Amino acid sequence: MNLRLILLPLAAIYKVVVDVRNYLYDKHILKSKKFSTPIICVGNITVGGTGKTPIVDRIIRYIGDENVALVSRGYKRKTHGIVYATSASTAADIGDEPMMLHKHHKYLTITIDGNRNAAIKSVIKRKKPRCIIMDDGMQHRSTQAYKYIMVCDYARPIWKDYLLPAGNLRESAKGSKRASIIIINKCPADLSEEDRDRITQKMNIGLSQTILFSTMVYGDITDGCCKSEINPTSNVLAIAGIAQPKPFFDEVRSKYKIVHTMTFDDHHEYTTDDVLDIKEEMNRLKADVIITTEKDFVRMPYIAGVKVYYMPIDIEFLFDGEKIFNKKIDTYVTKRN
């Protein structure tokens, strides 16, 4: 029997719990904390790999490092309570995705805490930013964001999905109604207007909502300091510990000679045993270099005698979406200042 069918009763129970919780917040029986500083929440209603971080990165670049602050729970960090990113921070301290953004943006204030309200109060007291980005907070309803940006995966339409644990939805698709902007990410670069219109119709967006489409773009490999070049004939061991590794492996394979791939769980914490396994595989396969994702790169410990590179990713908006997106961000920031 299909496992999804077996889990549907549990998904039905989960749906009742989530729907009741959302109802209590919608009716203001459960209270959400509001702040005078504009808060833009970038999140999703599905688990695993919709591509939020490049969109957060894009907003930070547009507003400017010194004008914005980031609040995140720092998923799988090893620290507790409120933590501020510093020059000495590691992925274990603040989480891998905040660590990536910390490396990208020298002046960005990053505050880590599972309690978003406490983190926001702290950052407002410390910096008084023009805007705060709350990462992955669609379901964190005790904090009221000014605007919500919801990111969806083109390959996993929410109208075809099921709630946890039978599917990938954290809440029912009607949760998308809280979003001011819905971004369908990871689209084919040549997405047709017909496909765009079909998805827009399926999403059933409201009059006050904007739907945009974007595709993932891979940059040149780097060793963390500068762009790098390796011989196309070099034997490459490709490593990924992300939710959806296939597109990454496909991209590396299109440019380099992959002799093997190693896959780990999303946000995997690399151990000494993992490093030994990696080195053993490199020796067995006579691999010359490792190419991994940036999220893995910030988590991966130093491997003596091994050249490790990562392939950065960015997004490109389709159908002139960048102008629309930037204009919306301008409005969200200036209207509250």
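Structure: see above.
Residues numbered from 1 in each chain as written. Predicted model: local features only at pLDDT ≥ 70, side-chain atom pairs only at ≥ 80, totals over all residues. Heavy atoms only, no water.

Student: Which residues make up helix H5 (residues 116-126), and what are the values?
Tutor: For H5, every residue scored as buried is listed here: Arg116, Asn117, Ala119, Ile120, Ser122 and Val123. Turning to H5, the residues buried within the fold contact strand E1 (39-43), strand E2 (68-72), strand E3 (83-84), strand E4 (109-112) and strand E5 (131-135). Of the residues flanking the start of H5, the one acting as N-cap is Asn115, its side-chain oxygen 3.2 Å from the backbone nitrogen of Asn117. (Buried < 20%, exposed > 50% of the residue type's maximum accessible area, 1.4 Å probe, protein only. Helix = DSSP H or I, 4+ residues; strand = E, 2+ residues; numbered from the N terminus. Contact = heavy atoms within 4.5 Å. Polar contact = N/O pair within 3.5 Å; in protein donor to acceptor, adjacent residues only side chain to side chain.)

Student: Summarise the side chain of Ser228; cite the residues concerned and give the values.
Tutor: On the secondary structure map, Ser228 appears in the loop between strand E8 (210-218) and strand E9 (235-240). On the accessibility criterion, Ser228 (15% relative accessible area) is buried. A polar contact of 3.4 Å, which involves the side chain of Ser228, links it to the backbone nitrogen of Asp223. Setting aside its immediate chain neighbours within four residues, Ser228 contacts Ile221, Thr222, Asp223 and Tyr309.

Student: Could you give me a rundown of the pattern of salt bridges, with the residues and numbers involved?
Tutor: By the definition in use, this model includes 22 salt bridges. Its salt-bridge partner being Asp57, residue Arg61 comes within 2.4 Å of it at the nearest N-O pair. Of this pair, Arg61 and Asp57 both sit in helix H2 (residues 52-63), four residues apart, roughly one helical turn. Take Arg61: its relative accessible area is 40%, and that puts it in the partly exposed class. With a shortest N-O distance of 3.2 Å, Lys255 and Glu251 are connected by a salt bridge. With a gap of four residues between them, Lys255 and Glu251 both fall in helix H7 (residues 246-255), about one helical turn apart. If you follow the salt bridges from partner to partner, you end up with Asp57, Arg58, Arg61, Asp314 and Glu322 in one network. (Salt bridge = Lys/Arg side-chain N within 4 Å of Asp/Glu carboxyl O.)

Student: Could you give an account of the packing of H2 against helix H4 (residues 96-104), naming the residues involved and the relevant values?
Tutor: Between H2 and H4, whose axes approach to 11 Å, the crossing angle comes to 30 degrees. The angle between H2 and H4 places the two elements in the roughly parallel class. Crossing hand, H2 versus H4: right-handed. Residues Lys52, Thr53, Val56, Asp57 and Ile60 of H2 touch H4, and the partners they reach there are Glu97, Met100, Leu101 and His104. Across the contact of H2 with H4, the residue classes tally to four nonpolar, two polar and three charged. (Axes fitted to C-alpha atoms, helices over the stretch in contact; angles between N-to-C directions. Parallel < 35°, antiparallel > 145°, perpendicular 65-115°, else oblique. Left-handed = near helix turned anticlockwise from the far one by under 90°. Nonpolar A, V, L, I, M, F, W, Y, C, P; charged D, E, K, R; others polar.)

Student: Before we move on, can you summarise the sheet that holds E1 with the specific residues and values?
Tutor: Taken in spatial order, the nine strands line up as E3-E4-E2-E5-E1-E6-E7-E8-E13 in an open sheet, and their pairing is mixed. With one partner strand each, in any of the chains shown, E3 and strand E13 (313-317) form the two edges of the open sheet. Strands in contact with H2 are E1, E2, E5, strand E6 (147-153), strand E7 (181-185), E8 and E13; relative to E13, the strand with the most contacts, it is inclined by about 75 degrees. Running at roughly 165 degrees to E4, H4 makes contact with E2, E4 and E5 of the sheet. (Pairing = 2+ DSSP bridges.)

Student: Provide a residue-level description of the packing of aromatic side chains, including the pertinent values.
Tutor: Tallied over the full model, the rule gives six aromatic pairs. Considering the side-chain rings of Tyr146 and Tyr332, the 6.4 Å spacing of their centres and the 85 degrees angle between planes classify their relative orientation as edge-to-face. In this pair, Tyr146 sits in the loop between E5 and E6 while Tyr332 sits in helix H10 (residues 321-334), placing the two residues 186 residues apart along the sequence. Judged by relative accessible area, which is 24%, Tyr146 ranks as partly exposed. Here Phe213 and Phe319 contribute two aromatic rings whose centre-to-centre distance is 6.2 Å and whose plane-to-plane angle is 90 degrees, an arrangement assigned as edge-to-face. Of this pair, Phe213 sits in strand E8 while Phe319 is found in the loop between E13 and H10, placing the two residues 106 residues apart along the sequence. A relative accessible area of 3% means that Phe213 is categorised as buried. (Phe/Tyr/Trp six-rings, centres within 6.5 Å; stacked < 30°, edge-to-face > 60°.)

Student: Lay out the pairing of E4 with the relevant residues and their values.
Tutor: By the alternation rule, side chains of E4 split into Thr109 and Thr111 and Ile110 and Ile112, which are all buried. Of the pairings in the sheet, the one linking E2 to E4 comprises four bridges and is parallel in character. From the neighbouring strand, Val71 faces E4, where its bridge partner is Thr111. Pairing of E3 with E4, which is carried by two bridges, proceeds in the antiparallel orientation. Paired with Val83 across the bridge in E4 is Ile112.

Student: Explain the sheet that holds E9 to me, using residue names and the numbers behind them.
Tutor: Overall, parallel pairing links the four strands, which are arranged E10-E9-E11-E12 in an open sheet. Each edge of the open sheet carries a strand with a single partner, namely strand E10 (257-263) and strand E12 (307-311). Direction aside, the axes of adjacent strands within the sheet are offset by 30 degrees on average. Where strand E11 (residues 289-293) lies against E12, five bridges are found, and the strand directions are parallel.

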